[in-house]
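# Structural characterization, general
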Amino acid sequence: MGWLSAGDGYEIALVEGRVVARATTGRAAGRQLKTLPKQVREHPEAQRLRLFAAWLDRHAAACLAQVDTWMVSSLPVPTGLVAEVWPDEAWQSVLRDLVVVGDDPDEAGFLRGVTDAGELRVVNLDGETVRLSPATVTLPHPVRLPDLAELREFATELGVEQRVEQIHRATWTRPADPAARAAAVTEFSGGGFGSRSALAARAVSLGYRVSGGYATCSVRDAGRIAEASVWIGEPYWDGGTETGDLSWHDREGRDLPLQKVGPVAWSEGMRMAAALYAGRTVEGGRDA
């Protein structure tokens, strides 16, 4: 973005999301100022830039949320769509270095770029840069990546940093034979909080929805919607509370037995319950 006139003697620009100014006259001409003079702060052009910066922040957050949804649900994404949005810095920053899979589910690699012809440039586990042009690609949830350990090791070698938590996302694997007819997990129950509002605030800050007395997260797993929920206390009670059991139900609200919960829904539900439980009050001293 270039510099814009902001009245006599000053120009402004948006730098790293912040409105900055420089003088155009006098001994300081051409130098960026540490602070905005009052007449610049109140200039209409500065206000327009601040509004634009706020829009860019919302756009970046929306891109992050959308790509996270694609990844958690392992949804097929048109390759042409990825190529189309790639020039947008907000999209590119959240897509770059995610593991993608094309037509061959055993050929996963890190997305590093898009060619002028719309092909995806991907670095595979052999360290080779290959080009993919399938109709769709998926950004698999880590529990669906058979080579997850190798991908994590290779990512360290490459210095990969993912904006969307994928390969280093905490995962849980459902036991092969959960307790017969069990409908809830108690592993993260009993985490004490000073108030119900503190626990609810923690859930919201972690990106989960609070509905009634529960913290919830919905996951599309193998084409079906499953919602994980953890009891956090009565909505209008603000005394001390504890995390409750973790359970799942289907789109119609029917409880799912543990053996019916899919691998992604299981992992994401356990991830939510563990994250809530981690914020519990831990007593110190000899009686802890």
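Notes on the structure in this doc start here. Quantities reported herein were computed from a predicted structural model and do not represent experimental measurements.

Okay, the overall build of the chain next. On a plain count of helices and strands, the chain comes out with seven helices and 16 strands. Taken against the 2.2 N^0.38 rule, which gives 19 Å for 288 residues, the C-alpha radius of gyration of the chain at 24 Å runs more than 25% over that of a compact globule. With the C-alpha coordinates of the chain rotated into their principal frame, the extents come out at 80 × 55 × 45 Å. Taken across its 288 residues, the chain has 42% of its residues classed as buried. When contacts within the chain are restricted to residue pairs at least 6 apart in sequence, long-range pairs at least 24 apart make up 59% of them. Summed over its atoms, the accessible surface of the chain is roughly 16,200 Å², and 49% of this surface lies on carbon and sulfur atoms.

Tracing the sequence through the fold places His141 in the loop between β9 (136-138) and α5 (148-158). On the basis of relative accessible area, His141 is assigned to the buried category, the value being 0%. When residues no more than four places from it in sequence are discounted, the contact partners of His141 are Met71, Val72, Ser74, Arg169, Thr171, Val264, Ser267 and Glu268.

Take the sheet that holds strand β3 (residues 18-23) next. Strands sit in the order β1-β2-β3 across an open sheet of three strands; the sheet is antiparallel. At either end of the open sheet lies a strand with only one pairing partner, and these are β1 (4-5) and β3. Docked against the sheet, helix α2 (residues 44-73) engages β1, β2 (10-15) and β3, running at close to 5° with respect to β2.

One pass over the full model with this rule turns up one cavity of 30 Å³ or more. Computed from the structure, the largest cavity encloses a volume of approximately 40 Å³. Contributing to the lining of the largest cavity are Pro105, Asp106, Ala108, Leu145, Pro146, Asp147 and Leu151.

The next subject is a nonpolar patch on the surface. A cluster of nonpolar side chains, contributed by Phe52, Trp55 and Leu56, occupies part of the molecular surface with about 260 Å² of accessible area. As for its placement among the helices and strands, Trp55 is situated in helix α2.

With that out of the way, let us pick up the packing of aromatic side chains. For the coordinates displayed, the defined rule picks out seven aromatic pairs. Geometrically, the ring pair formed by Phe52 and Trp55 is stacked, given 6.2 Å between the ring centres and 5° between the ring planes. Of this pair, Phe52 and Trp55 both sit in helix α2, three residues apart, roughly one helical turn. Judged by its relative accessible area of 43%, Trp55 falls in the partly exposed class. Grouped by ring-pair contacts, the aromatic residues Trp172, Phe188 and Tyr277 constitute a single cluster.

Working note: regular strand, side chains alternate between the two faces of the sheet. Two strands pair when backbone bridges link them, and strand β13 (residues 214-221) and strand β14 (residues 224-231) are joined in this way by eight bridges, in the antiparallel orientation. Pairing of Val219 across the sheet is with Ala226, part of β14. Bridging between β14 and strand β16 (residues 246-250) involves five bridges; their strand directions are antiparallel. Across the sheet, residue Ser229 finds its bridge partner in β16, namely Ser247.

You can see Ala274 is positioned in helix α7 (residues 263-277). Take Ala274: its relative accessible area is 15%, and that puts it in the buried class. With 215 residues separating them along the chain, Ala274 and His59 place their C-alpha atoms 30 Å apart. Not counting the four nearest positions on each side in its chain, Ala274 is found in contact with Trp172 and Phe188.

What counts, and where the lines are drawn
Residues numbered from 1 in each chain as written. Predicted model: local features only at pLDDT ≥ 70, side-chain atom pairs only at ≥ 80, totals over all residues. Heavy atoms only, no water. Helix = DSSP H or I, 4+ residues; strand = E, 2+ residues; numbered from the N terminus. Rg over C-alpha atoms; globule rule 2.2 N^0.38 Å. Buried < 20%, exposed > 50% of the residue type's maximum accessible area, 1.4 Å probe, protein only. Contact = heavy atoms within 4.5 Å. Areas by Shrake-Rupley, 256 points an atom, 1.4 Å probe, with all protein chains shown as cover. Pairing = 2+ DSSP bridges. Axes fitted to C-alpha atoms, helices over the stretch in contact; angles between N-to-C directions. 1 Å grid on protein atoms, 1.4 Å probe; cavity = no way out; pocket = protein on both sides within 12 Å on 5 of 7 lines; lining within 4 Å. Points joined across faces, edges and corners; volume = space filled by probe spheres on them. Patch = residues over 30% accessible without salt bridge, like charges linked within 9 Å, V, L, I, M, F, W, Y side chains within 5 Å. Salt bridge = Lys/Arg side-chain N within 4 Å of Asp/Glu carboxyl O. Phe/Tyr/Trp six-rings, centres within 6.5 Å; stacked < 30°, edge-to-face > 60°.

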